[in-house]
Amino acid sequence: MKYSSSLLKKFISINDTPENIAKNLILKTCEIEEIHQRKIAESIVIGYVKSCEKHPDADKLKVCVVDCWKKGEYQIVCGGSNVAAGLYVPVALPGTVFEKIGITIEPRKMRGIESNGMICSKEEVGINEDLEKHSIWSLTEDLEDISDKNLGSPLKEKFPRLEERVLEVDNKSLTNRPDLTGHFGAAIELNAIYTLVQSQKSKVEGPIISFNKVKDYFAQYTHANIMQILENASTPERKVIAESDGVNSYILLHIKNITVQQASFFSRLQTIDMGSTPRNNRVDFSNLFMLISGQPIHFFDADKIDGDIIVRNAKDGEKFIDLFETEHTLKAHDIVIADKKKILALAGVIGGLESWITDSTKNILVEIANFDAVAVRKMGTRLSLRTDAELRFEKNINPRHSLFSLILFLDELKYYAKDLGSYNLWGLSYYIGDKGQGERDKEIEVDFAALEAFTFGTKQKGFEKKAKDILEGLWFEVKKSSVIAPLRRSPDDLNIQEDIYEEVARIYGYDQIENIPLLSKSEYVPYTDYVAIQRKLEDILVRNIWCNQTETYPRISEKSLQEFGKDKNNCYELQNPVNPEAPLMRDDIVYGLLAHTARNSKFFDQFKLFDIGKIRTKTGTWDMGHGERDMGKGASNFASEFVDEQTQLGVMLYQKNIDQWDKDPLLEAKNIVRMIAKELELGNVLFEKTNLAQFHPKKQANIHLAWSGKQKAESQWPDGPDGLSTEIGFIGALHPLILQNNKIGETSWVVYISLNISSIVTGLKQASEHTYKYETLQDQILWRDLCFVVDANKGFDTVIAAVKHVPEVKDVEVFDVYAGANLGEDKKSVSIKIKIVGDGNMTTEQINEVMNKAIQAAESAGGSLRS
């Protein structure tokens with residue numbers, strides 16, 4: 001699903017950036033995956049081709065002189081197949097930057113002839129029409145009111161509707177919101193969101209909503225008597241006969257004397273921007289109406305239909321050919337639209353070849369209907385027909401909203417009158433089943449005082465009025481102690497007062513609601529090696545490297561595995577997953593971090609994310625595709641005994657563009673690895689080149705730790721390939737194809753670091769020997785300063801180590817080193833702080849005893865207490 005700014009502006013116009021609008025929708029309504037913007041540079045102007053001659057040294061090039069009035073005349077060498085003298089064209093003047101393809105228009109010679117600028121095709125200004133023609137854009141073919149007085153004017157200034165902003169929506173976030181599958185529903189949400197925003201701004205800042213037709217439609221939906229409109233309409237020649245329980249409502253509108261032709265340019269452009277292919281004015285209108293209202297409609301060629309419209313169940317084995325000429329075998333529970341002789345369409349799914357409109361169609365029947373959501377979904381799924389109509393009906397559109405869509409349909413006929421040409425409305429017939437009649441007003445009791453307590457935990461001054469304003473902005477009818485749910489919402493969506501509380505809270509903003517502590521029992525958790533290292537890593541990454549910590553989902557899809565060349569047989573699959581699309585237990589954190597990076601890349605130019613979590617493999621190995629460590633296998637009924645569960649750190653760096661080589665995020669990633677190794681006292685870091693297809697071929701490596709023979713003897717690291725190092729992780733820049741698959745910009749760089757914390761903990765002998773303990777404000781923590789003098793030719797290491805070995809000394813920090821004449825010749829001093837932790841009852845005598853032990857230890861190592 002996509003939201004287009006041009007279609008939203010039919011109902012509401014908001015003075016805010018696409019990024020802020022997307023952010024508000026993400027926080028309050030639905031998930032926005034990506035923002036597509038068509039921006040036309042100021043330096044792309046309207047020009048007139050004064051002359052066009054064949055290039056003397058190239059068969060397919062022409063030398064043109066283009067008049068841009070005050071901007072001057074430009075000689076441009078052009079390869080467009082249709083370029084000719086007398087055309088008005090878009091001209092990219094020298095200096096124009098095309099960010100998408102990464103080029104700047106500069107004067108240059110083409111086969112020996114000077115060319116200053118470029119005559120643009122539609123594709124080059126971001127319009128995906130006529131791509132196969134390889135031609136320049138002759139503006140007068142699509143646009144009106146162009147003359148010599150417009151020469152040199154910026155194209156976007158003359159035709160502001162050419163610029164567009166499209167928000168791509170994650171369909172999964174609309175599962176229970178069929179109203180949001182249309183711009184009409186999205187406009188109502190934005191009305192509620194930005195009415196609240198406007199109320200919080202000062203009048204000096206100006207209105208944030210510059211045009212709002214949503215309130216006008218609210219009045220129509222609230223006060224219009226749809227049954228009276230239907231009953232007073234003239235009856236056409238054909239009736240609607242309902243023989244299936246799967247039809248909730250059906251309006252059949254008869255329109256005569258139509259003209260089928262190409263739609264106007266801007267209507268085609270709206271269709272293209274929404275991801276469809278323009279066909280003709282009638283087909284394009286039906287698609288646009290569905291995208292606007294969220295209500296699918298269908299057109300039948302009236303002259304191809306024999307008798308009345310019959311909505312019935314199919315017969316077992318009955319055949320049907322859809323408009324794409326595919327034959328389907330139907331079952332008895334499938335719902336079809338038919339006449340006396342043949343099937344015309346599959347209800348709520350797709351139309352038929354025999355009744356579809358063509359260029360010669362003169363009379364049409366318009367279907368505005370509502371069908372059983374479960375029946376439509378089952379039929380579409382079984383026949384592998386996931387059409388736009390089916391995706392909307394399966395979300396359970398409110399049958400009464402389908403009836404009221406007639407009002408919106410008649411309005412849109414007027415709006416697109418230029419496209420549709422002349423026609424005659426010949427009347428309508430209708431059928432309304434029990435569900436279609438349903439409850440006219442679904443009233444829900446609401447205790448507004450309880451709403452405040454439920455949301456905030458306490459009463460808030462003036463919030464009741466604000467809550468009612470929010471509900472009215474969402475089209476609820478607010479009464480003293482109840483609300484009437486809007487017809488646009490699914491009939492099963494809003495049922496209890498807690499549903500209403502949620503509506504208020506999400507628009508008000510969850511981020512505006514103060515957190516209330518969860519009252520629960522706190523129990524002691526042992527401070528293990530893993531906790532110690534995890535805390536240390538979090539501190540390093542957040543404080544020193546300015547990374548943002550996130551939490552990624554521990555389950556993944558098979559598609560994610562395949563993207564990174566993994567085999568799902570090495571992962572455990574849940575028998576009853578919470579999310580059926582992600583049934584596998586992850587073997588790496590990269591998948592979740594990449595998803596978070598893709599989402600955040602739409603709003604930020606650079607950032608760093610990290611997560612620390614569990615990874616699990618079936619094979620008993622830790623395997624990123626760049627080395628594995630065999631854990632062995634064993635038969636057991638306990639997962640903990642045969643699942644290789646390990647702890648992993650994943651870090652992901654994102655950079656939108658790299659201007660200089662020293663800004664390469666891979667260099668920063670290497671420094672992060674070195675810093676972590678230094679802070680954890682792991683030893684020297686080595687990078688061993690790898691060759692994984694999912695990463696940049698020259699920017700990937702395994703991470704190894706190297707040591708001397710003595711370090712090796714004292715450690716518990718498993719042997720690496722050379723016997724003197726071990727592999728603990730991986731670093732690499734993701735391949736551009738991976739970025740493209742995840743909708744990350746082509747010029748962006750994403751670097752991934754993984755470190756196996758389980759391997760690090762196993763290898764650190766001192767970690768297993770040290771006992772960690774939580775420290776709280778109630779602990780007796782004491783710091784005392786000592787200063788020792790040693791010979792200038794000796795180091796301080798032995799003195800510090802000796803003090804550290806005193807059992808009562810928990811930590812030692814060096815805060816000063818000094819050498820001077822007052823110490824005596826060949827002397828230097830070191831000042832340290834020692835940490836003493838007591839049980840709360842330690843006396844001064846006991847503290848002095850610990851300090852004396854520390855002094856004696858230092859003196860035994862060659863130091864003397866400085867007086």
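Nothing here was measured: the structure is a model prediction, and the numbers come from that model.

1. Some remarks on the overall build of the protein
Thinking step 1. Within the protein one finds 27 helices and 41 strands.
Thinking step 2. Projected onto its principal axes, the C-alpha coordinates of the protein cover approximately 110 × 80 × 65 Å.
Thinking step 3. Across the 867 residues that make up the protein, the buried fraction comes to 51%.
Thinking step 4. Excluding contacts between residues fewer than 6 apart, the proportion of contacts in the protein whose partners are at least 24 apart in sequence is 73%.
Thinking step 5. Of the roughly 43,400 Å² of accessible surface on the protein, 48% is carried by carbon and sulfur atoms.
Thinking step 6. Charge separation in the protein, taken as the distance between the mean sites of 107 positive and 127 negative side-chain charges, equals 2 Å.

2. Thoughts on the packing of helix α26 (residues 797-804) against helix α27 (residues 844-860)
Thinking step 1. Between α26 and α27, whose axes approach to 8 Å, the crossing angle comes to 145°. In this structure, the crossing between α26 and α27 has a hand that is right-handed. Contact residues: Val 799, Ala 802 and Val 803 in α26; Ala 854, Ala 857 and Ala 858 in α27.

3. A look at the pattern of salt bridges
Thinking step 1. Inspection of every chain in the model, using the stated rule, returns 46 salt bridges.
Thinking step 2. Between Lys 158 and Asp 145 there is a salt bridge whose closest N-O contact spans 3.2 Å. Remark: Asp 145 occurs in the loop between β12 (118-119) and α3 (155-158) and Lys 158 occurs in helix α3; sequence separation between them is 13 residues.
Thinking step 3. The exposure class assigned to Lys 158 is partly exposed, which follows from its relative accessible area of 25%.
Thinking step 4. As a salt-bridge pair, Arg 386 and Glu 394 come within 3.0 Å of each other at their nearest N and O atoms.
Thinking step 5. Residues participating in the shared-partner salt-bridge network are Arg 177, Asp 179, Glu 189, Arg 488, Arg 489, Asp 493, Glu 503 and Arg 506.

4. Focus on the sheet that holds strand β13 (residues 164-169)
Thinking step 1. Spatially, the three strands line up as an open sheet ordered β1-β13-β3, and their pairing is antiparallel. Two strands close off the open sheet at either side, each with one partner strand: β1 (2-4) and β3 (32-38). Taken over all neighbouring pairs, the strand axes of this sheet differ in orientation by 20° on average, direction set aside.
Thinking step 2. Bridge analysis of β1 against β13 gives three bridges, and the strand direction is antiparallel.

5. Re the nonpolar core
Thinking step 1. The biggest cluster of nonpolar side chains holds 88 residues, and the ones touching the most others in it are Tyr 3, Tyr 194 and Phe 409.
Thinking step 2. Of all the elements, helix α4 (residues 183-199) adds the most residues to this core, at 10 residues.
Thinking step 3. Beyond its immediate stretch of four places on either side in the chain, Phe 409 contacts Leu 253, Phe 285, Phe 289, Ile 297, Val 366 and Ile 368.

6. With respect to the packing of aromatic side chains
Thinking step 1. For the structure on display, the rule yields 21 aromatic pairs.
Thinking step 2. Summarising the aromatic geometry, the rings of Tyr 48 and Tyr 88 are spaced 5.1 Å apart at their centres and angled 55° between planes, so their arrangement reads as tilted. Of the two residues, Tyr 48 sits in strand β4 (residues 44-54) while Tyr 88 sits in strand β7 (residues 88-92), which places them 40 residues apart along the sequence.
Thinking step 3. Residue classification places Tyr 48 among the partly exposed positions, given a relative accessible area of 26%.
Thinking step 4. Judged by centre distance (5.2 Å) and plane angle (90°), the ring pair of Phe 463 and Tyr 508 falls under edge-to-face. With Phe 463 in helix α15 (residues 463-473) and Tyr 508 in helix α16 (residues 497-508), the pair connects residues that are 45 residues apart, well separated along the chain.
Thinking step 5. The exposure class assigned to Phe 463 is buried, which follows from its relative accessible area of 4%.
Thinking step 6. Cluster of aromatic residues (ring-pair linked, three or more members): Phe 285, Phe 289, Phe 409, Tyr 415 and Tyr 416.
Thinking step 7. In this structure, Lys 10 packs its charged tip against the face of Phe 11, placed 6.0 Å from the ring centre.
Thinking step 8. Over the ring of Phe 796 we find Lys 828; its NZ or CZ atom is 4.7 Å from the centre of that ring.

7. Some details on the confidence of the model for the protein
Thinking step 1. Taken over all residues, the pLDDT of the protein has a mean of 87, while the share at 70 or more is 90%.
Thinking step 2. Under a pLDDT of 50 for its full length, residues 620-635 has, in the predicted model, 49 contacts with residues more than four places off or in other chains.
Thinking step 3. Contacts for the low-pLDDT stretch residues 765-772, under 50 throughout, to residues beyond four places or in other chains number 10 contacts.

8. Observations regarding the sheet that holds strand β15 (residues 240-242)
Strands belonging to one sheet form pairs held by backbone hydrogen bonds; the direction of such a pair is parallel or antiparallel.
Thinking step 1. Spatial ordering of the open sheet is given by β15-β18-β21-β22-β23, a layout of five strands whose pairing is mixed. Strands at the two margins of the open sheet, each flanked by one partner only, are β15 and β23 (350-351).

9. Topic: the packing of helix α8 (residues 281-293) against helix α11 (residues 399-415)
Thinking step 1. Contact geometry for α8 and α11: axes closest at 11 Å, N-to-C directions at 125°. It follows that α8 is oblique to α11 by the angle criterion. Crossing of α8 over α11 shows right-handed handedness. Where α8 approaches α11, its residues Phe 285, Phe 289, Ile 292 and Ser 293 are matched on the opposing element by His 401, Ser 405, Leu 408, Phe 409, Glu 412 and Leu 413.
Thinking step 2. Taken together, the residues of the contact of α8 with α11 sort by class into six nonpolar, three polar and one charged.

10. Description of the pairing of strand β24 (residues 364-371)
Thinking step 1. Burial of β24 is extensive: eight of the eight residues sit out of reach of the surface.
Thinking step 2. Alternating positions in β24 separate into two faces, Ile 364, Val 366, Ile 368 and Asn 370 on one and Leu 365, Glu 367, Ala 369 and Phe 371 on the other, with burial throughout.
Thinking step 3. In the sheet, strand β16 (residues 247-256) pairs with β24 via eight bridges, with the strands oriented antiparallel. Residue Val 247 lies in a different strand from β24, and its bridge partner there is Phe 371.
Thinking step 4. Where strand β17 (residues 297-301) meets β24, five bridges bridge the pair, whose relative direction is antiparallel. By the bridge assignment for β24, Phe 300 is matched with Leu 365.

11. Focus: α26
Thinking step 1. Burial in α26 covers these residues: Val 799, Ile 800, Ala 802 and Val 803. End-on, the buried residues of α26 take up no more than an arc of 160°, which puts them together on one face. For α26, the exposed residues lying more than 90 degrees away from the buried face are Asp 797 and Lys 804.

12. Focus on α27
Thinking step 1. Here α27 is 17 residues long and its end C-alpha atoms lie 24 Å apart, about the 24 Å a rise of 1.5 Å per residue gives.
Thinking step 2. Inspection of α27 places Ile 847, Val 850, Met 851, Ala 854, Ile 855, Ala 857 and Ala 858 among the buried residues, and these make up the whole buried set. Along α27, the residues classed as buried sweep out an arc of 160° about the axis, all on the same side. Away from its buried face, by an angle of more than 90 degrees, α27 presents the exposed residues Glu 845, Gln 856 and Ser 860.
Thinking step 3. On its buried side, α27 packs onto β38 (780-791), α26, β39 (809-818), β40 (827-838) and β41 (864-865).
Thinking step 4. The first or second residue beyond α27 is Gly 862, which carries a positive phi of 105°.

13. Considering unusual backbone geometry
Leaving glycine out, the prevailing phi sign among residues is negative, and the prevailing peptide bond configuration is trans.
Thinking step 1. You will see that Trp 546, though not glycine, has its phi angle at about 60°, which is positive.
Thinking step 2. Mapped onto the fold, Trp 546 is located in the loop between α17 (529-544) and β29 (548-549).
Thinking step 3. A residue is classified by how much of its surface remains accessible, and Trp 546, at 68% relative accessible area, is exposed.

14. Thoughts on the environment of Ser 4
Thinking step 1. Position of Ser 4 relative to the elements: it lies in strand β1.
Thinking step 2. For the pair Ser 4 and Glu 390, spaced 386 residues apart in the sequence, the C-alpha separation amounts to 21 Å.
Thinking step 3. Contacts of Ser 4, omitting those with residues within four sequence positions, involve Glu 164, Arg 165, Val 166, His 183 and Met 274.
Thinking step 4. A polar contact is formed between the side chain of Ser 4 and the side chain of Ser 6, at a distance of 2.9 Å.

Each value, and the rule that gives it
- Residues numbered from 1 in each chain as written.
- Predicted model: local features only at pLDDT ≥ 70, side-chain atom pairs only at ≥ 80, totals over all residues.
- Heavy atoms only, no water.
- Helix = DSSP H or I, 4+ residues; strand = E, 2+ residues; numbered from the N terminus.
- Buried < 20%, exposed > 50% of the residue type's maximum accessible area, 1.4 Å probe, protein only.
- Contact = heavy atoms within 4.5 Å.
- Areas by Shrake-Rupley, 256 points an atom, 1.4 Å probe, with all protein chains shown as cover.
- Lys, Arg positive; Asp, Glu negative; His and termini not counted.
- Charge placed at Lys NZ, Arg CZ, Asp CG, Glu CD.
- Axes fitted to C-alpha atoms, helices over the stretch in contact; angles between N-to-C directions.
- Left-handed = near helix turned anticlockwise from the far one by under 90°.
- Salt bridge = Lys/Arg side-chain N within 4 Å of Asp/Glu carboxyl O.
- Pairing = 2+ DSSP bridges.
- Core = buried A, V, L, I, M, F, W, Y, C linked by side-chain atoms within 4.5 Å.
- Phe/Tyr/Trp six-rings, centres within 6.5 Å; stacked < 30°, edge-to-face > 60°.
- Lys NZ or Arg CZ within 6 Å of the ring centre and 35° of its normal.
- pLDDT = per-residue confidence, 0-100.
- Parallel < 35°, antiparallel > 145°, perpendicular 65-115°, else oblique.
- Nonpolar A, V, L, I, M, F, W, Y, C, P; charged D, E, K, R; others polar.
- Arc of directions from axis to C-beta.
- Expected span 1.5 Å × (residues − 1).
- Polar contact = N/O pair within 3.5 Å; in protein donor to acceptor, adjacent residues only side chain to side chain.

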